Amino acid sequence: MTNSTASTPTTATAPSTSTSFVDSQPARAISGVFTVLALLATTRQLYMHWRFYTEPKEQKWILRILFIVPIYSFASWLSLVFYQNYIYFDTVRDCYEAFVIYSFLSLCYEYLGGEMRIIEAIGGKPVVRSWWAGTCCLPKFHYSLSFLKFCKQATLQFCFIKPLVAIITIILHATGHYKDGDWSLNHAYLYEMLAYNISITLALYALVLFYCATKEILRPHKPVLKFLAVKSVVFLSFWQGVALAIAEEVGLIKSAVDVTGKTVGQESIATAIQNFIITIEMFFAAILLWYAFPHKVYLNRRRDEEGRGIPMKGISSNIRHTLNPTDIVSDAVHNFAPAYQQYMKHVEREEDEDEDEDEDVVLRNGHAGIVGLDAGRRRDNETTRMLDSDDEI
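Residues numbered from 1 in each chain as written. Predicted model: local features only at pLDDT ≥ 70, side-chain atom pairs only at ≥ 80, totals over all residues. Heavy atoms only, no water.

Novice: Could you clarify how one ought to interpret unusual backbone geometry in this entry?
Specialist: In terms of backbone geometry, most residues other than glycine have negative phi values and most peptide bonds are trans. Here Lys222, not a glycine, exhibits a phi torsion of approximately 50°, which is positive. Of note, Lys222 is situated in the loop between α7 (189–218) and α8 (223–249). On the basis of relative accessible area, Lys222 is assigned to the exposed category, the value being 65%. (Helix = DSSP H or I, 4+ residues; strand = E, 2+ residues; numbered from the N terminus. Buried < 20%, exposed > 50% of the residue type's maximum accessible area, 1.4 Å probe, protein only.)

Novice: Explain the packing of helix α1 (residues 25–51) against helix α3 (residues 68–81) to me, please; I cannot follow it from the model alone.
Specialist: Packed helices, taken two at a time, are described by the angle their axes make and the gap between the axes. Where α1 contacts α3, the axes come no closer than 9 Å and their chain directions differ by 160°. In terms of orientation, α1 lies roughly antiparallel with respect to α3. Considering only the axes of α1 and α3, their crossing is left-handed. Within the contact between the two elements, α1 uses Ala27, Arg28, Ser31, Gly32, Thr35, Ala38, Leu39 and Thr42 and α3 uses Val69, Pro70, Ser73, Phe74, Trp77, Leu80 and Val81. Along the lines of polarity and charge, the residues of the contact of α1 with α3 split into nine nonpolar, five polar and one charged. (Axes fitted to C-alpha atoms, helices over the stretch in contact; angles between N-to-C directions. Parallel < 35°, antiparallel > 145°, perpendicular 65-115°, else oblique. Left-handed = near helix turned anticlockwise from the far one by under 90°. Contact = heavy atoms within 4.5 Å. Nonpolar A, V, L, I, M, F, W, Y, C, P; charged D, E, K, R; others polar.)

Novice: How should I be thinking about the packing of aromatic side chains in this particular structure?
Specialist: In the structure shown here, the tally under the stated rule is 15 aromatic pairs. Ring geometry for Phe34 against Phe283: centres 5.8 Å apart, planes inclined by 65°, an arrangement best described as edge-to-face. Note that Phe34 is positioned in helix α1 and Phe283 in helix α9 (residues 266–292), a separation of 249 residues in sequence. With a relative accessible area of 21%, Phe34 lands in the partly exposed category. By relative accessible area, which is 19% here, Phe283 ends up buried. Taking 6.4 Å as the distance between ring centres and 35° as the angle between the ring planes, the aromatic pair formed by Phe82 and Phe89 counts as tilted. Among the residues examined, Phe82 registers a relative accessible area of 47% and is labelled partly exposed. By relative accessible area, Phe89 is classed as partly exposed at 24%. Grouped by ring-pair contacts, the aromatic residues Trp61, Tyr96, Phe99 and Tyr102 constitute a single cluster. The ring centre of Trp61 lies 4.7 Å from the NZ or CZ of Arg64, which sits over that ring. (Phe/Tyr/Trp six-rings, centres within 6.5 Å; stacked < 30°, edge-to-face > 60°. Lys NZ or Arg CZ within 6 Å of the ring centre and 35° of its normal.)

Novice: I keep staring at the nonpolar core and nothing clicks. Help me out?
Specialist: The nonpolar side chains of soluble globular proteins are, as a tendency, buried together. Core analysis: the biggest nonpolar cluster contains 75 residues, and Phe210 and Phe293 have the highest contact counts within it. Judged by nonpolar contacts, the second largest core, of eight residues, contains Tyr83, Leu244, Ala256 and Ile269. (Core = buried A, V, L, I, M, F, W, Y, C linked by side-chain atoms within 4.5 Å.)

Novice: Can you walk me through the pattern of salt bridges in this structure?
Specialist: As a working rule, side chains carrying opposite charge can pair if their charged atoms are close by. Counting across every chain of the model gives six salt bridges. Of the charged contacts, one joins Asp94 and Arg93 as a salt bridge, the two residues approaching to 3.1 Å between their closest N and O atoms. The exposure class of Arg93 is buried, given its relative accessible area of 3%. Beyond isolated ion pairs, a larger network of salt bridges with shared partners links Lys60, Arg64 and Asp327. (Salt bridge = Lys/Arg side-chain N within 4 Å of Asp/Glu carboxyl O.)

Novice: Can you help me understand the confidence of the model for the protein in this one?
Specialist: Any segment with low pLDDT has predicted coordinates that should not be analysed in fine detail. When pLDDT is averaged along the protein, the result is 77; 75% of the residues meet or exceed 70. Across the protein, the element-wise mean pLDDT spans from 48 in helix α12 (residues 338–392) up to 94 in helix α2 (residues 56–66). Here residues 354–363 is modelled with pLDDT under 50, and outside its nearest four sequence neighbours on either side it reaches zero contacts, counting other chains as well. Long-range and interchain partners of residues 380–393, a stretch whose pLDDT sits below 50, account for zero contacts in this model, where long-range means more than four residues apart. (pLDDT = per-residue confidence, 0-100.)

Novice: What's the story with a nonpolar patch on the surface in this structure? I'm lost.
Specialist: Together, Leu225, Phe284, Ile287, Leu288 and Tyr291 make up an exposed nonpolar region whose accessible area comes to about 480 Å². Note that Leu225 resides in helix α8. We classify Leu225 as partly exposed; its relative accessible area is 36%. (Patch = residues over 30% accessible without salt bridge, like charges linked within 9 Å, V, L, I, M, F, W, Y side chains within 5 Å. Areas by Shrake-Rupley, 256 points an atom, 1.4 Å probe, with all protein chains shown as cover.)

Okay, here's the thing in structure tokens:
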């Protein structure tokens, strides 16, 4: 009796395709929900500011700051969904970062009544030495128009450098010479990160210096919450990108295969993780900005001092005023034009001359007071002697 073993044919199992994070439907759904919530919250706040547009010079900068939430959240969600073209969405998103820093500084200028009002309040005061503000190592100087010019120029340069770096990134990416997270000397990522870091550090440092110089006169406008709200949005996105790039470099983030069988690189997965985090953060940023820039402040300004109603323009007109970029261009020309530099030198020279004249007047008045005091004493002595002579008689 023969034992026949029936051999069952073995079917070869296909290799399992590992779904990467960029193809995760739950991640896209969650980021989509947070994006919609952030858009709804910010749209409501934008509408209320446009409806009660009683202080256009201030509110246009507030509205431009608030635009960071829809731009960041929607661009990050698109970058997560269309991950193969993420470089274009991220580039447009990051360009607005520079504009927000400049808008916040311009808003502070409007709060304080403009450049000349600021210099009237802080001009001539010595810069306080502080280690956390980075002024402990600076040479001794006083606040002047040159200081305000430096703050404006430092923020404006970031508005020019960031779009320039973005355009170069898109060109190099299209030609195959750019790769996110590649720190080698043969690729442009390292050099672009250096240029970007220097530019944003200078802009944020100017913002800190301006706040240290004007924090006392800015106190009625509650600048701390506004300052933290703007810097948290900018800083979180920046340092998250740096941390994920380091994690990619040390191998903590692995490449994967998407549902189509195409290999997804480490840089794409790292970028997808950052975009997913940004979409969630923007919802909380919208809540923070709601409290930092409330519209109720401008509700009570619909009437003048005599109780008469202020004529309000239509919302469409207010939107056009907010989106009009001519004031930005004129401000850039104003701060970088050689004629303005000559004007500043002339004003500072006049201020120095006025200070010298004031010192001379004080000295002359002091000398005249001493002479008058001596003359009065001599008259008193003569009167006393005359009274003594009469008493003797």
